[in-house]
Amino acid sequence: MITFEQVGVRYADAAEPALRGVDLTVPEGELCLLVGPSGAGKSTLLGTVSGLVPHFTGGVLEGRVTVAGRDTRTHRPRELADVVGTVGQDPAGHFVTDTVEEELAYGMESLGLPPAVMRRRVEETLDLLGLAELRGRALSALSGGQRQRVAIGSVLTVHPKVLVLDEPTSALDPGAAEEVLAVLQRLVHDLGTTVLLSEHRLERVVQYADQVLLLPGPGEPPVLGDPAALMARSPVRPPVVDLGRLAGWDPLPLTVRDARRRAATLRERLPAPAPAPAPPTAPAIATVSRLVVSRGPVPALRGVELALFPGQITALMGRNGAGKSTLLGSLVGLHAPDSGTVRVNGRTPHKSRPKDLIRSVGLVPQDPRDLLYAETVADECTAADQDAGAEPGACRSILAALLPGIDDRCHPRDLSEGQRLTLALAVVLAARPPVLLLDEPTRGLDYAAKARLVEILRALAADGHTVMLATHDVELAAELAHRTAVLAEGEIVADGPTPEVVLASPTFAPQTAKILPPYLTVPEVAAALRELP
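All figures in this text were calculated on a predicted structure; none of them were measured in a lab.

About the criteria used
- Residues numbered from 1 in each chain as written.
- Predicted model: local features only at pLDDT ≥ 70, side-chain atom pairs only at ≥ 80, totals over all residues.
- Heavy atoms only, no water.
- Pairing = 2+ DSSP bridges.
- Helix = DSSP H or I, 4+ residues; strand = E, 2+ residues; numbered from the N terminus.
- Axes fitted to C-alpha atoms, helices over the stretch in contact; angles between N-to-C directions.
- Patch = residues over 30% accessible without salt bridge, like charges linked within 9 Å, V, L, I, M, F, W, Y side chains within 5 Å.
- Areas by Shrake-Rupley, 256 points an atom, 1.4 Å probe, with all protein chains shown as cover.
- Salt bridge = Lys/Arg side-chain N within 4 Å of Asp/Glu carboxyl O.
- Lys, Arg positive; Asp, Glu negative; His and termini not counted.
- Charge placed at Lys NZ, Arg CZ, Asp CG, Glu CD.
- Buried < 20%, exposed > 50% of the residue type's maximum accessible area, 1.4 Å probe, protein only.
- Disulfide = S-S within 2.5 Å.
- Domains from an automatic or database assignment.
- Contact = heavy atoms within 4.5 Å.
- Buried area = accessible area lost by both parts, 1.4 Å probe.
- Polar contact = N/O pair within 3.5 Å; in protein donor to acceptor, adjacent residues only side chain to side chain.
- Nonpolar A, V, L, I, M, F, W, Y, C, P; charged D, E, K, R; others polar.

Caption draft 1: Main features of the sheet that holds strand S12 (residues 298–308). Read across the sheet, 3 strands follow the order S12-S11-S14 without closing on themselves; strand pairing throughout is antiparallel. One side of each edge strand has no neighbouring strand; the edge strands of this open sheet are S12 and strand S14 (339–344). The sheet shows a mean angle of 30 degrees between the axes of neighbouring strands, taken without regard to direction. In this sheet, S12 lies alongside strand S11 (residues 286–295) in antiparallel orientation, the contact comprising 8 bridges. Paired with valine 293 across the strands is leucine 301, a residue of S12.

Here it is, written out as structure tokens:
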């Protein structure tokens, strides 16, 4: 279905090719998972299938890519639209209409299909994706999982033979991610659609893959093969595979169920984990009391009570639309309360001047690009120092300490996701706020970049900073957070030490906790094994 013949891609200013030596065939009717570290060329490879590379992105394409017999060198993306459907990380970025039904019909209108055909395909797609009850709903009123299903549906109505997805679950809560992956599996099994999927959170998707396409590193040729075999050599792996490697299991498990079946002996050997550290005794630096906030006609937060303490890392979890971003926004003054109070470092955020508030609380938004507007990294750091009233060079020094090696002359939008997040973090920290908030900080990060973020946030907490992160990443919460709070329908329904909260929830429990409770992470298991006589 998709054939790569000695494919390579080189961009004008790059020292090395983004891809080289890709020579393989992705069979029809299979879900192929694209795996590799950041910078290995995953997005570039996906772009060669849809024709975006090189027709939209530029660069030089060597070799040939054919999709259903069409050569992407001679067919532009529009001429491939009936064969290849593409869904990116942000479904809202693809929407061009106002309602679900209109969005499903738009692609067919663009191709000039007859109205009777369009009507029939819209109905079929509504039923296939479980969207029939939402047909007249405004796209802006949908949850993250519903938006992702609509985005998939908008390309399915054209009846493509190939579906290309870039990080389709990165912004979704665990339940919504399962919805989307179930839809993809149904497309493969029932309709014979070929799905090429890139995803950093491998713990969510590897068990669904028929094959894995591994890109070992920048410029290295990819390898296509059996998921278990390639996970054994992949530089990026989900926790269940890391646990299998630690335990010496062969073949490596790809699912929690497989790992649990083999874990009986290991479970008997492990001692009880060390008790959780005592809760902080210092006074709270930020408090939320009986907070009610509305977004339009709907209450987004309903009577929220929360206190944040110095040196503590809190994970804020919950479904898409539960109110997590609204709560973070309220703590930095973006939303005035309908009732209740918010106090941060002695200030009322929505009544404080921004130049004063940034010295008390800083927010790294879901998309760090929202904070970055200068032409170079150096200009960004200079502007951050001026805004914060900091000594010249303060932001650049923080950035160098967090992640050395970023070129001052580089445009912020040319950085990798991990580098851009670190730059935004340095911009916020230039004002030295005692309270640091992060909204979905691991979106788009691979395991190495996420490990670096964990180190940074632990060091900040050890230095006395208060950290709260809203996240759907259950593995991150288990590894990093001292405390976890769960929001549902604008109310906090659970709040306590992370082990207690995540072990009581099948939805928010990490993979290791489902296999070897009460251990939460593979490093915890490894440390316990080292202590055994």
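Caption draft 2: How the structure looks around a positive patch on the surface. Together, Arg257, Arg260, Arg267 and Lys514 make up a region of like positive charge exposed at the surface. Note that lysine 514 resides in helix H21 (residues 511–515). Take lysine 514: its relative accessible area is 35%, and that puts it in the partly exposed class.

Caption draft 3: Molecular detail of the state of the cysteines. Per the stated rule, a full pass over the model turns up 0 disulfides. Among the cysteines around cysteine 381, which has no disulfide bond, cysteine 395 carries the closest sulfur, lying 3.5 Å off. Here cysteine 410 stays free of any disulfide, with the sulfur of cysteine 381 as its closest cysteine sulfur at 12 Å. Cysteine 410 gets classed as partly exposed once you look at its relative accessible area, which sits at 21%.

Caption draft 4: Summary view of the domain arrangement of the chain. Parsing the chain into structural domains produces domain 1 (2–236), domain 2 (286–360 + 433–531) and domain 3 (375–431). Spacing between the C-alpha centres of domain 2 and domain 3 amounts to 24 Å. Between domain 2 and domain 3, the residue contacts involve 15 residues of the former and 14 residues of the latter. Summing the contributions of domain 2 and of domain 3, the shared interface buries around 1100 Å²; its carbon and sulfur component is 73%. Considering only the side of domain 2, the residues that lose the most area to domain 3 are Pro433, Arg452 and Ile456, jointly responsible for 36% of the buried surface there. On inspection of domain 2 and its partner domain 3, the count reaches 0 salt bridges. Put simply, domain 2 and domain 3 have 3 residue pairs in polar contact (both at pLDDT 80 or more) between them. For the side of domain 2 that touches domain 3, the elements supplying multiple residues, two or more each, are strand S16 (435–439) and helix H18 (447–462). Top element by residues in the side of domain 2 that touches domain 3 is H18. It accounts for 5 residues. Residues that form the side of domain 2 that touches domain 3 fall into these classes: 10 nonpolar, 2 polar and 3 charged.

Caption draft 5: How the structure looks around the sheet that holds strand S2 (residues 19–26). An order of S2-S1-S4-S5 is seen for the 4 strands of this open sheet, with the pairing classed as antiparallel. If you trace the sheet from one side to the other, it starts and ends with S2 and strand S5 (70–71), each paired once. As paired strands, strand S4 (residues 60–67) and S5 are joined by 2 bridges and run antiparallel to one another. Note that in S5 the partner of valine 67 across the bridge is arginine 70. Helix-sheet contacts for helix H1 (residues 42–50) involve strand S1 (2–10), S2 and S4, and the interaxial angle to S1 is about 125 degrees.

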